[in-house]
Amino acid sequence: EDEDEDEAAEKKTLAEEEKAARYLISKRLTQHFCIVPCKLRLVVLVAFLKWKCERYDGKAIVFVSNRDMVRFFEALLTTPTSTAEGSEDATRKELGDTELFFLHGGAAQADRMSAYTKFCKAKKGVLFCTDVAARGLDMKDVNWIVQLTPPTSVEDYVHRVGRTARLDKTGDALLFLQPFEAEYVHVLNREHLTLQEMKCDSVIASLVAGGRVPTAAELDKARSIATSIQLDFERAVLAQPSLAEVAEAAFRSYVGAYTTYPAELKSVFHVSRLHLGHVAKSFALRDTPQVLGQAGAPDAAAAKRKGSDSGSKGKSPSRAQLEKLDRKRAQDEFAEGDVAAQGPTAGKKSKKKKVGTEEATIKQKRKQKKNKEKKKQKQMRKQKKEEKKKKKKKQ
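Residues numbered from 1 in each chain as written. Predicted model: local features only at pLDDT ≥ 70, side-chain atom pairs only at ≥ 80, totals over all residues. Heavy atoms only, no water.

Visitor: Outline helix H5 (residues 109-121), listing residues and values.
Guide: The terminal C-alpha atoms of H5, which comprises 13 residues, lie 18 Å apart, in line with the 18 Å expected from a rise of 1.5 Å per residue. Along H5, the positions that sit buried rather than exposed are Ala115, Tyr116 and Phe119. Considered in projection along H5, the buried side chains sweep an arc of 95° and stay on one side of the axis. Looking at H5, the residues exposed on the side facing more than 90 degrees away from the buried face are Ala110, Lys118 and Lys121. (Helix = DSSP H or I, 4+ residues; strand = E, 2+ residues; numbered from the N terminus. Expected span 1.5 Å × (residues − 1). Buried < 20%, exposed > 50% of the residue type's maximum accessible area, 1.4 Å probe, protein only. Arc of directions from axis to C-beta.)

Next comes the structure, spelled out in structure tokens:
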């Protein structure tokens with residue numbers, strides 16, 4: 001009996017080890033996650049890249065879900081972001097001399113090879129890419145892997161983070177998550193992948209304090225700088241129609257990609273939980289573009305964008321009007337909490353709507369059907385009792 005117990009215990013241990021080894025990652029890799037409200041995603045990313053790449057001469061790969069997002073970052077980060085004449089490009093100033101590279105499957109083969117080769121040779125730089133760079137490419141000396149959009153499977157997550165901590169070198173990986181996506185950390189934990197939390201405020205504070213713990217005054221200053229960066233991006237998108245088109249395309253592709261998460265992850269990543277206004281802000285858009293299935297003319301968003309800040313129809317906004325609106329927007333930019341998990345109608349008076357997943361709706365329908373059957377059975381029992389009473393009276 002003792003031998004049987006020992007054998008069973010050994011089999012159990014082997015099974016656990018086999019499960020733990022299902023996804024092999026380097027022991028020199030440190031994994032992090034950061035809970036970032038969607039409306040702050042753009043400035044938090046810029047703050048992080050400045051901190052880890054510009055300040056410490058690092059190299060990072062930023063993974064996004066689709067090629068339109070790569071095009072958006074290329075257009076935004078290589079185009080002057082200020083509308084004032086003679087002013088410097090805010091992003092270039094923030095990232096210093098860090099080189100930027102862009103790679104996606106829609107680019108020509110020659111362009112992809114050029115971006116890959118130059119990134120490999122760069123001393124410090126950032127590569128924005130889709131999962132086309134997650135497998136098969138050997139990139140040396142990559143310090144950080146940033147997953148701006150969570151992958152659709154644990155396997156893809158492992159392939160992404162596998163681009164760092166190679167050949168006996170250390171590396172780090174950071175996963176951006178919205179507040180309602182935090183459950184994904186537990187999904188990874190169940191696969192024996194352990195992540196440490198990196199606070200959103202710590203990343204923002206790095207704009208002033210670097211990696212040390214900031215004072216309250218330093219955090220306020222860092223938030224002010226982050227707000228200025230966000231507003232500068234928004235002015236650039238507002239002033240340049242070509243940049244606005246790229247941003248709107250990226251917005252739509254992001255929402256579309258969000259619907260492709262597999263059924264087992266729908267409880268974490270469900271498109272109905274996205275706050276579309278905050279998603280738009282993450283692409284430096286002040287108005288939410290039309291999404292497939294929404295009412296409105298195709299040019300409605302562009303027309304609204306053109307006149308929304310001007311105060312008069314068809315005229316470009318003056319600098320004074322822009323600054324007045326910017327100050328008003330900045331007041332609640334870093335408000336505590338995030339209504340993203342409450343859905344797009346949060347903060348608005350509207351009719352009460354039934355909220356819940358498809359599974360909850362099915363359960364509710366089953367419950368209603370069961371209650372109807374119980375009520376019907378109760379009525380039938382009551383009728384039978386009344387019939388018996390009538391028979392007894394007649395007898």
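Visitor: Outline the pairing of strand S4 (residues 125-129), supporting the account with residue identities and numerical values.
Guide: By the criterion of burial, S4 is predominantly enclosed, with five of the five residues buried. As judged from the five bridges shared by strand S2 (residues 59-63) and S4, these two strands associate in the parallel manner. Along S4, the bridge assignment pairs Lys59 with Gly125. Of the pairings in the sheet, the one linking strand S3 (residues 99-103) to S4 comprises five bridges and is parallel in character. Pairing of Leu103 across the sheet is with Cys129, part of S4. Between the parallel elements S3 and S4, the chain passes through H5 in a crossover that is right-handed. (Pairing = 2+ DSSP bridges. Right-handed = clockwise from strand over helix to strand, strands pointing away.)

Visitor: Mind laying out the pairing of S2, listing which residues take part and the relevant values?
Guide: Burial analysis of S2 places five of its five residues in the buried class, the great majority of the element. Alternating residues of S2 divide into Lys59, Ile61 and Phe63 and Ala60 and Val62, and every residue in both groups is buried. Both S2 and strand S5 (residues 144-147) contribute to a ladder of four bridges, which runs parallel. When the bridges of S5 are listed, Phe63 appears paired with Gln147.

Visitor: Any chance you could break down a positive patch on the surface for me, citing the residues and the numbers?
Guide: Among the surface-exposed residues, Lys378, Arg381, Lys382, Lys384, Lys385, Lys388, Lys389, Lys390, Lys391, Lys392, Lys393 and Lys394 lie close enough to one another that they form a single positively charged patch. Looking at the secondary structure, you find Lys394 in helix H14 (residues 358-394). (Patch = residues over 30% accessible without salt bridge, like charges linked within 9 Å, V, L, I, M, F, W, Y side chains within 5 Å. Areas by Shrake-Rupley, 256 points an atom, 1.4 Å probe, with all protein chains shown as cover. Salt bridge = Lys/Arg side-chain N within 4 Å of Asp/Glu carboxyl O. Lys, Arg positive; Asp, Glu negative; His and termini not counted. Charge placed at Lys NZ, Arg CZ, Asp CG, Glu CD.)

Visitor: So what about the packing of helix H9 (residues 216-239) against helix H10 (residues 241-258)? Which residues, and what values?
Guide: To characterise two packed helices, one gives the angle between the axes of the helices and the distance between these axes. Where H9 meets H10, the axes come as close as 5 Å, and the angle between the chain directions of the two elements is 110°. Put simply, H9 runs roughly perpendicular to H10. Across the interface between the two elements, Ala236, Val237 and Ala239 from H9 touch Pro241, Leu243, Ala244 and Ala247 from H10. (Axes fitted to C-alpha atoms, helices over the stretch in contact; angles between N-to-C directions. Parallel < 35°, antiparallel > 145°, perpendicular 65-115°, else oblique. Contact = heavy atoms within 4.5 Å.)

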